[in-house]
2 protein chains.
Amino acid sequence: MKSNIEIQRVEKSNIENVDFNNLPFGSVYSDHMLECDFVNGEWQTAVIKPYAPISLDPSAKIFHYGQSIFEGMKAYKDADGNTMLFRPLDNCKRLNKSAERLVIPQIPEDIFMDGLKKLLEIDNNWIPTNEGSSLYIRPFMFASGLGFHASPADEYKFIICTAPSGAYFAGKVKVLIEEKYARAANGGVGFAKAGGNYAAQFYPTQLAIQKGYNQVIWTDDNSHEYIEEAGAMNIFIRIGNTLITSPTNDRILDGITRKSIIQIAQDSGIDVEVRKITVSEVISAAQNGNLKEMFGAGTAAVISPIAGFGYQGKDYDLPELENPFATTLKKAITDIQTNKAEDPYGWRVMV
Amino acid sequence: MKSNIEIQRVEKSNIENVDFNNLPFGSVYSDHMLECDFVNGEWQTAVIKPYAPISLDPSAKIFHYGQSIFEGMKAYKDADGNTMLFRPLDNCKRLNKSAERLVIPQIPEDIFMDGLKKLLEIDNNWIPTNEGSSLYIRPFMFASGLGFHASPADEYKFIICTAPSGAYFAGKVKVLIEEKYARAANGGVGFAKAGGNYAAQFYPTQLAIQKGYNQVIWTDDNSHEYIEEAGAMNIFIRIGNTLITSPTNDRILDGITRKSIIQIAQDSGIDVEVRKITVSEVISAAQNGNLKEMFGAGTAAVISPIAGFGYQGKDYDLPELENPFATTLKKAITDIQTNKAEDPYGWRVMV
């Protein structure tokens, strides 16, 4: 059963004002957006309409209590001009996991999936075809209900916007292993894509940037001995020929790129270990020459290679390898995403 | 130097539609609001204007990255009809501490203070005079700048809204000492009044409510052995004749009601200990009859007495005392707030 979607088209597209050869990340928006309101205990008819400002009462709880969640996805064009999504249902399911933890009503899968596909159909021309570019998709939900009482709202908005985008990071990054600040508590919301998790990272990240790094490597909040995430991405560390990443838990995001990389790496014969990894293990490996690679993994950057890191006032460089896992794995995953390679996993969804 | 404030008055007040004898908490709004925009690296002229919806682009970072902070304050009328604020500069300073941690530009004290006073002057008739009622004041700041890049926004809004309000809680509350979930990480943003801290509490609080409790008593995220906060308030525990509260740290809010109570209690000859307090100490005291009182302290509820608590599947009742500290201290603080008593501390500010 297809959901009923109301469609209001723009009178005139804005596409001719966009330079697709010089796309920033996430700051140019397509003509349309999908909006669906949760009112009186139920989701109303979804509407695809011109991308336009949202009007909210100043007492809307989004402004006061951080009740907001989001997802990040990408749509690609293959060589034949078909539109490709990557594991989109996983984003919907994760959004609903985040929703549960933030006491936001779950979005029905048909509204999410059918609404997204219809939106991509209508804004088909906005999906970039240039190498390295894609249509970044931002589904999000937030509390639009009113009141200064610190309790869940009674109304919500689910919105999908899209933005033709270039690369998220340019080049390799230098990271700082965090020893003081933390992004998530045990029993907290670190596993969810909750808005507040990101704002909480800005200050420590800014301090790291002032010291000459691009991003923070987050460690556990209690001992700062365990490596958890890299900036807003999951982290992979290669020691010798073994690729290691932390297991997910209530502090660590269950990244879709992360789990895809684990699968592809295992199937490529790479030795993958999903286990806790200590800072001291990484330092030792750096010192004895066994630390080969570190990279972040997430939808926005796909794979973001790390050139070096700082810890306790000392900088460590990573070697320049000829055929790093990062390059091989990034090619493998983007080839699947863009329909340049077979997809044995059934991850790719043609719109 | 007074700030320059632009004033746009409502054509017709909405006050005649409000029943001041049956005020809810924080859901009826006064005629005007103050709004000040941070654009191009500086705060623009503050505007007092009719309370009305805010229009924001769907890519405004408030919807995505939880970059928002707030304060809670109250204005009271004294017997002569003068308007009283309580330690307002402390709220401004704390808002700016929260701002620093969330990478939001600090609001100049003159915009905050002069803007607030002018707003209260214009909406003077909205300040309730009934016993137990007050004008709840909600200053807040959030990221209005655009973009899907997870980084601080380049534009912000500072807004003050007010809401004539009745009591926050009705009667005594039953609380659940949390053993699994947590509200704040070490090195996180728990000390700040960041929006995301509140949304993160909704789910565990909902579980507690389903079990028959009103609120959660938060414990540290690592061992769950130390008592930290009560719902969205600080917590005080009386064992024998000693009143104990946790020291503030990066997980615990530096409550203005909390520090006022500590001061008043000390000056009333009550033995006050500001120190870490364990769950096991509270359980032992409950078992041997030394646990006399527990209460939450915060601006909204002032003091919220706790009737009993649950821990590890067992319920503990607190005794009904004839002259509890909670009653004495609540009277002392509200008498200062409403100009019924001398204010030896200089906390009260007449508008």
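Only a predicted model underlies this, so the values are computations on that prediction, with no experimental measurement involved.

## As for the overall build of chain A
Here is step 1 of the chain: Scanning chain A from terminus to terminus reveals seven helices and 20 strands.
Here is step 2 of the chain: For chain A, the spread of C-alpha atoms along the three principal axes comes to 60 × 55 × 35 Å.
Here is step 3 of the chain: Within chain A, buried positions represent 61% of all 351 residues.
Here is step 4 of the chain: Taking all contacts inside chain A whose residues are at least 6 apart in sequence as the whole, residues at least 24 apart take part in 71%.
Here is step 5 of the chain: On chain A, roughly 13500 Å² of surface is accessible, and the fraction owed to carbon and sulfur atoms is 45%.
Here is step 6 of the chain: Put simply, chain A has 34 plus and 43 minus side-chain charges, and the middle of one group is 2 Å from the middle of the other.

## Focus: the UniProt feature "modified residue: N6-(pyridoxal phosphate)lysine" (unreviewed entry) in chain A
Residues and elements named next belong to chain A.
Here is step 1 of the chain: What UniProt calls "modified residue: N6-(pyridoxal phosphate)lysine" (unreviewed entry) maps, in this numbering, to Lys193.
Here is step 2 of the chain: By the secondary structure assignment, Lys193 is in the loop between β11 (173–177) and α4 (195–210).
Here is step 3 of the chain: When its relative accessible area of 8% is taken as the criterion, Lys193 is described as buried.

## Quick word on the relation of the copies chain B and chain A
Here is step 1 of the chain: Mapping chain B onto chain A calls for a rotation angle of 180 degrees and an axial translation of 0.0 Å; the resulting RMSD is 0.0 Å. The symmetry that links the two subunits is that of a two-fold axis.
Here is step 2 of the chain: The overlap is high: 100% of the interface residues of chain B also sit at the interface in chain A, so the same surface is used on both sides.

## Quick word on the domain arrangement of chain A
Residues and elements named next belong to chain A.
Here is step 1 of the chain: Along its sequence, chain A is organised into domain 1 (5–165) and domain 2 (173–337).
Here is step 2 of the chain: The centre of domain 1, based on its C-alpha atoms, is set 27 Å off from the matching centre of domain 2.
Here is step 3 of the chain: Facing the 20 residues of domain 1 at the interface are 21 residues of domain 2.
Here is step 4 of the chain: Here domain 1 packs against domain 2, burying approximately 1800 Å² in sum over the two surfaces, 61% of which is carbon and sulfur.
Here is step 5 of the chain: For the pair domain 1 and domain 2, the interface holds one salt bridge.
Here is step 6 of the chain: Listing elements by their share of the side of domain 1 that touches domain 2, those giving two or more residues are β6 (68–70), β7 (73–77), β8 (83–86) and α2 (88–101).
Here is step 7 of the chain: Counting residues per element, the side of domain 1 that touches domain 2 draws most heavily on α2, at six residues.
Here is step 8 of the chain: When the residues that make up the side of domain 1 that touches domain 2 are grouped by side-chain class, the tally is nine nonpolar, four polar and seven charged.

## What to know about the environment of B:Phe112
All names here are of chain B.
Here is step 1 of the chain: Inspection of the secondary structure assignment puts Phe112 in helix α3 (residues 109–122).
Here is step 2 of the chain: Assessed through its relative accessible area of 0%, Phe112 is described here as buried.
Here is step 3 of the chain: On a C-alpha basis, the gap between Phe112 and Arg101 in space is 19 Å, while along the polypeptide they are 11 residues apart.
Here is step 4 of the chain: Ignoring sequence-local partners within four residues, the contact set of Phe112 consists of Met73, Pro88, Asn91, Cys92, Leu95, Ile107, Pro139, Phe158 and Ile160.

## Topic: the interface of chain B and chain A
Here is step 1 of the chain: Residue-level contacts link 59 residues of chain B with 59 residues of chain A.
Here is step 2 of the chain: Taking both partners together, chain B and chain A bury about 5100 Å²; carbon and sulfur atoms supply 63% of that area.
Here is step 3 of the chain: Taken as a group, B:Phe63, B:Phe148 and B:Phe202 account for 15% of the area that chain B buries against chain A, more than any other trio of residues on that side.
Here is step 4 of the chain: Remark: the boundary between chain B and chain A carries zero salt bridges.
Here is step 5 of the chain: At the boundary of chain B with chain A, the tally comes to 25 residue pairs in polar contact (both at pLDDT 80 or more).
Here is step 6 of the chain: When residues of the side of chain B that touches chain A are traced back to their parent elements, those giving at least two are β5 (54–56), α1 (62–65), β6 (68–70), α2 (88–102), β9 (134–143), β10 (156–165) and α4 (195–210) of chain B.

## Topic: α4(B)
Here is step 1 of the chain: The terminal C-alpha atoms of α4(B), which comprises 16 residues, lie 24 Å apart, in line with the 22 Å expected from a rise of 1.5 Å per residue.
Here is step 2 of the chain: By the largest-angle criterion, B:Phe202 marks the main kink of α4(B), which is about 30 degrees, and a proline, B:Pro204, follows within four residues.
Here is step 3 of the chain: For α4(B), the complete set of buried residues consists of B:Gly195, B:Gly196, B:Asn197, B:Tyr198, B:Ala199, B:Ala200, B:Gln201, B:Phe202, B:Tyr203, B:Pro204, B:Thr205 and B:Ala208.
Here is step 4 of the chain: Along its buried surface, α4(B) packs onto α1 (62–65), α2 and α4 of chain A together with β6, β11 (173–177) and β12 (215–219) of chain B.
Here is step 5 of the chain: Downstream of α4(B) by a residue or two, B:Gly212 has a phi angle that is positive, lying close to 100 degrees.

## Description of the side chain of B:Lys157
Residues and elements named next belong to chain B.
Here is step 1 of the chain: Positionally, Lys157 belongs in strand β10.
Here is step 2 of the chain: Only 2.7 Å separates the side chain of Lys157 from the side chain of Glu35, close enough to count as a polar contact.
Here is step 3 of the chain: A distance of 3.0 Å separates the side chain of Lys157 from the side chain of Asp37, its partner in a polar contact.
Here is step 4 of the chain: With residues up to four places along the chain from it excluded, the contact list for Lys157 reads Glu35, Cys36, Asp37, Ile54, Leu56, Phe140, Met141, Phe142 and Ser144.

## What about the pattern of salt bridges?
All names here are of chain A.
Here is step 1 of the chain: Throughout the structure, instances matching the rule amount to 36 salt bridges over all chains.
Here is step 2 of the chain: The partner of Arg87 in a salt bridge is Asp90, with the nearest N and O atoms 3.3 Å apart. As far as burial versus exposure is concerned, Arg87 and Asp90 are alike and both buried.

## As for the packing of helix α5 (residues 256–267) of chain B against helix α7 (residues 325–337) of chain B
Residue and element names in this part refer to chain B.
Here is step 1 of the chain: Between α5 and α7, the least distance of the axes is 10 Å, while the angle of their chain directions is 110 degrees. In terms of orientation, α5 and α7 fall into the roughly perpendicular class. Residues Thr257, Ser260, Ile261, Ile264 and Ala265 of α5 form the contact with α7, whose own contacting residues are Leu329, Ala332, Ile333 and Ile336.
Here is step 2 of the chain: In terms of residue class, the contact of α5 with α7 is made up of seven nonpolar, two polar and no charged.

## Examining the packing of aromatic side chains
Here is step 1 of the chain: Going through the model one piece at a time under the given rule, you end up with 38 aromatic pairs over all chains.
Here is step 2 of the chain: Summarising the aromatic geometry, the rings of A:Phe148 and B:Tyr136 are spaced 6.1 Å apart at their centres and angled 45 degrees between planes, so their arrangement reads as tilted. Of this pair, A:Phe148 sits in the loop between β9 (134–143) and β10 (156–165) while B:Tyr136 sits in strand β9, placing the two residues on different chains.
Here is step 3 of the chain: Exposure remark for A:Phe148: the relative accessible area of 1% places this residue in the buried category.
Here is step 4 of the chain: We classify B:Tyr136 as buried; its relative accessible area is 4%.
Here is step 5 of the chain: One aromatic cluster in this structure is built from A:Phe25, A:Tyr29, A:Tyr51, A:Tyr136 and B:Phe148.
Here is step 6 of the chain: Sitting over the ring of A:Tyr226, A:Lys276 keeps its end group 4.4 Å from the ring centre.
Here is step 7 of the chain: The ring of B:Phe325 has B:Arg238 lying over it, and the distance from NZ or CZ to the ring centre is 3.7 Å.

## Some points on the side chain of B:Asp335
Residue and element names in this part refer to chain B.
Here is step 1 of the chain: Structurally, Asp335 is set in helix α7.
Here is step 2 of the chain: Among the residues examined, Asp335 registers a relative accessible area of 13% and is labelled buried.
Here is step 3 of the chain: Within the structure, the side chain of Asp335 is placed 2.5 Å from the side chain of Lys331, a separation counted as a polar contact.
Here is step 4 of the chain: Beyond its immediate sequence surroundings of up to four residues, Asp335 is in contact with Lys340, Ala341 and Arg348.

## A closer look at the nonpolar core
Here is step 1 of the chain: Within the largest apolar cluster, 147 residues are counted, with the highest numbers of intra-cluster contacts made by A:Phe63, A:Phe158, B:Phe63 and B:Phe158.
Here is step 2 of the chain: Ignoring any residue separated from it by four or fewer positions in sequence, one finds B:Phe63 in contact with A:Ile54, A:Leu56, A:Ile62, A:Ser68, A:Phe140, A:Phe142, B:Leu56, B:Asp57 and B:Pro58.

## Comments concerning the pairing of strand β19 (residues 314–317) of chain B
Put simply, side chains in a regular strand alternate between the two faces of the sheet.
Residue and element names in this part refer to chain B.
Here is step 1 of the chain: Judged from the four bridges that link them, strand β18 (residues 302–311) and β19 form a sheet pairing that is antiparallel. Note that in β19 the partner of Phe309 across the bridge is Tyr316.
Here is step 2 of the chain: Hairpin geometry of β18 and β19 is characterised by an intervening segment of two residues between the two adjacent antiparallel strands and by a positive phi of about 50 degrees at Gln312.

Conventions we followed
- Each chain has its residues counted from 1, following the order in which its sequence is written.
- Key to labels: chains lettered from A, ligands numbered from 1, both in the order written.
- A pLDDT threshold of at least 70 governs which residues receive local features in this predicted model, and a stricter bar of 80 or more applies before side-chain atom pairs are shown or counted, although totals over entire chains, interfaces and linings include all residues.
- The side-chain values count all of the structure's non-hydrogen atoms but skip hydrogen atoms and water molecules.
- Strands here are runs of E lasting at least two residues and helices are runs of H or I lasting at least four, both read from the DSSP assignment and numbered beginning at the N terminus.
- Under the scheme applied here, a residue whose accessible area is under 20% of the maximum for its type counts as buried, over 50% as exposed, and between as partly exposed, the area being computed with a 1.4 Å probe on protein chains only.
- It only takes one pair of heavy atoms within 4.5 Å for two residues to be counted as in contact.
- The Shrake-Rupley method, run with a 1.4 Å probe, gives the accessible areas here. Residue values count only the displayed protein chains as cover.
- In this tally, Lys and Arg are treated as positive and Asp and Glu as negative; His is ignored, and so are the chain termini.
- By convention, the charge on Lys lies at NZ, on Arg at CZ, on Asp at CG and on Glu at CD.
- UniProt positions are given in the numbering used here, feature names are shortened, and annotations may be inferred rather than shown by experiment.
- A residue counts toward the fit only if its pLDDT is at least 70 in both copies, and the copies are then superposed by least squares on the C-alpha atoms of those residues.
- Here the limits of each domain have been adopted from an automatic or database domain assignment.
- By convention, the term buried area covers the 1.4 Å-probe accessible surface removed from two parts as they join, with the contributions of both added.
- For this document, the term salt bridge refers to a Lys or Arg side-chain nitrogen within 4 Å of an Asp or Glu carboxyl oxygen.
- When residues are sorted by character, Ala, Val, Leu, Ile, Met, Phe, Trp, Tyr, Cys and Pro go into the nonpolar class, Asp, Glu, Lys and Arg into the charged class, and all the rest, Gly among them, into the polar class.
- We define a polar contact as two N or O atoms separated by no more than 3.5 Å, with the added condition that, inside protein, one atom must be a possible hydrogen donor and the other a possible acceptor, whereas residues neighbouring each other in sequence contribute only through side-chain atom pairs.
- Helix span, as expected, comes to 1.5 Å for every residue beyond the first.
- Consider a residue and the seven residues that end there alongside the seven that start there; fitting an axis to each set, the bend is the angle between those axes.
- Simply put, an axis is a line fit to the C-alpha atoms, just over the touching stretch for a helix, and the angle between two N-to-C directions goes from 0 to 180 degrees.
- Orientation labels follow simple angle bins: below 35 degrees gives roughly parallel, above 145 gives roughly antiparallel, 65 to 115 gives roughly perpendicular, and whatever is left gives oblique.
- Stacked, edge-to-face and tilted are the three classes for Phe, Tyr and Trp ring pairs, Trp counted by its six-membered ring, which pair at centre distances within 6.5 Å; planes under 30 degrees apart are stacked, over 60 edge-to-face, the rest tilted.
- Sitting over a ring, as applied to charges here, requires NZ of Lys or CZ of Arg to be within 6 Å of the ring centre and within 35 degrees of the ring normal.
- As used in this record, nonpolar core signifies buried Ala, Val, Leu, Ile, Met, Phe, Trp, Tyr and Cys residues forming a set joined through side-chain atoms within 4.5 Å.
- For two strands to be treated as a pair, DSSP must find at least two bridges joining them.

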